[in-house]
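Coordinates in review
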Amino acid sequence: MEETQVGVTVAQAAYIAGLIDGEGYFQIAKKQKHHPSIWYSPLLAVTNTNAEVLHWLRGITGVGFVVYVNRPSKPNWKPLLRWEVHSRQLRRFLPAVMPFLRIKRTHAELVYDLLLRQKGGAGRRLTSSENQEREQLRNRLKQLNVRGTGLQLSPRTREISNE
């Protein structure tokens, strides 16, 4: 079987992309800790109630970690977990699944664009133009992540449109 850069097969990469499309999200967090420097931290997360599939993701890819998500518990709810992949690992992992993404491909491309722009070590102060570029990427991703369908059912044809 043919393998990708991160050691998963092409079939596994396609399956993982399906999980990301259906259960995942991309985020670019803006952070600032105890000093004037700002930095942008990309994240891929897949949330699910099936711990086995999330631990499989961690094991098969060798990246990220699985966390339990705090959530108000109701008697019939299952525990909610999340597989998270951050910066350096994400930079290595994304090229393996990007060709197979359908719904979240644009999200992944924005995050990958940010990852390619991140040069230098941690703590390097960004220039004004670098901050502006990163903020634009973050805002475009936030627009893609807005809740709601964004789709309307056409009354005449009963088909979905993006209007």
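Residues numbered from 1 in each chain as written. Predicted model: local features only at pLDDT ≥ 70, side-chain atom pairs only at ≥ 80, totals over all residues. Heavy atoms only, no water.

1. With respect to the overall build of the chain
Short version of the rule: Helix and strand labels come from DSSP, where a helix needs a run of H or I of at least four residues and a strand needs a run of E of at least two; each type is numbered from the N terminus. Relative accessibility under 20% of the residue-type maximum defines a buried residue, over 50% an exposed one, and the middle range a partly exposed one, all with a 1.4 Å probe and only protein chains included. It only takes one pair of heavy atoms within 4.5 Å for two residues to be counted as in contact.
Of regular secondary structure, the chain possesses 5 helices and 6 strands. Within the chain, the fraction of its 163 residues that count as buried is 36%. Long-range contacts, defined as pairs at least 24 residues apart, comprise 56% of the intrachain contacts of the chain with a sequence gap of at least 6.

2. Some words on the environment of Gly7
When you line up the elements, Gly7 lands in the segment before helix 1 (10-23). Residue classification places Gly7 among the partly exposed residues on the basis of a relative accessible area of 33%. Sequence spacing of Gly7 and Ile60 is 53 residues, and the spatial spacing of their C-alpha atoms is 8.0 Å.

3. Observations concerning the packing of aromatic side chains
The line we're drawing: Working definition: a ring pair exists when centres of Phe, Tyr or Trp rings (six-membered ring for Trp) sit within 6.5 Å. Plane angles under 30 degrees give stacked, over 60 give edge-to-face, the rest tilted.
For the structure shown, the criterion picks out 2 aromatic pairs. Seen from their ring centres, Tyr15 and Trp56 are 5.6 Å apart, and the 85° between their planes marks the pair as edge-to-face. Separated by 41 residues along the polypeptide, Tyr15 in helix 1 and Trp56 in helix 2 (residues 51-61) bring together distant segments of the chain. For Tyr15, a relative accessible area of 47% puts it in the partly exposed group. When the ring of Trp83 is compared with that of Phe93, the centres are 5.7 Å apart and the planes differ by 90°; the resulting orientation is edge-to-face. Within this pair, whereas Trp83 is found in strand 4 (residues 80-86), its partner Phe93 is found in helix 3 (residues 87-97), the two being separated by 10 residues in sequence.

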